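# Fold and geometry: a report
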Amino acid sequence: MRVMTTMLAHPERGEIRIAAVLQALADPVRLEIVRALARCEDGISCGLLDLGITASTLTHHVRTLREAGVVWVRPQGTSRISTLRRDDLDALFPGLLDGVLAARR
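Description of the structure in this document. (Residues numbered from 1 in each chain as written. Predicted model: local features only at pLDDT ≥ 70, side-chain atom pairs only at ≥ 80, totals over all residues. Heavy atoms only, no water.)

### Observations regarding the pairing of strand β2 (residues 71-76)
Applicable threshold: Here the term buried applies to any residue with accessible area under 20% of the maximum for its type, exposed to any over 50%, and partly exposed to those in between, with areas from a 1.4 Å probe on protein chains only. Put simply, DSSP marks the helices as runs of H or I at least four residues long and the strands as runs of E at least two long, and each gets a number from the N terminus on. Two strands make a pair as long as DSSP finds a minimum of two bridges between them.
Here β2 shows a clear split, with Val-71, Val-73 and Pro-75 buried on one side and none of Trp-72, Arg-74 and Gln-76 buried on the other. Inspection of the sheet shows β2 paired to strand β3 (residues 79-84) by 6 bridges, in the antiparallel sense. If you follow Arg-74 over to β3, its bridge partner there is Ile-81. Hairpin connection from β2 to β3: 2 residues lie between these consecutive antiparallel strands, with Gly-77 at a positive phi of about 65°.

As structure tokens, then:
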């Protein structure tokens, strides 16, 4: 069993840009990932997200969200757990995340 210990790079709160966040949220798959994370405050392992896409495609989408500052991804055992950066996003862009999550699918 391989335990993941590598920490991934995340932008600091002050480095998060609205253009990157909006671009990340514009993709329907990434929006579904964000909706799933909003329902689970403790985070979700990528392997538990059943979105009908390949593992490599899911990894790409989570990486895009991480690099934009939308999610935190941390190693936990053999998994990587993603959590929504709600506090950071709400502080930087008040109401944005609530509006995105409330929008019709």
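### Here we look at the sheet that holds β2
Basically, it comes down to this: Throughout, a contact is declared for two residues whenever any of their heavy atoms are within 4.5 Å. Axis geometry follows a simple rule: fit a line to the C-alpha atoms, using only the stretch in contact for helices, then measure angles between N-to-C directions, giving values from 0 to 180 degrees.
Read across the open sheet, the 3 strands follow the order β1-β3-β2; overall the sheet is antiparallel. At either end of the open sheet lies a strand with only one pairing partner, and these are β1 (44-45) and β2. Summarising the sheet, β1 and β3 pair through 2 bridges and their orientation is antiparallel. The residue of β3 that forms the bridge with Ile-44 is Ser-82. The sheet contacts of helix α2 (residues 28-38) involve β1, β2 and β3, and relative to β3 the element is tilted by about 85°. The sheet strands contacting helix α3 (residues 55-68) are β2 and β3, and the helix crosses β2 at an angle near 120°.

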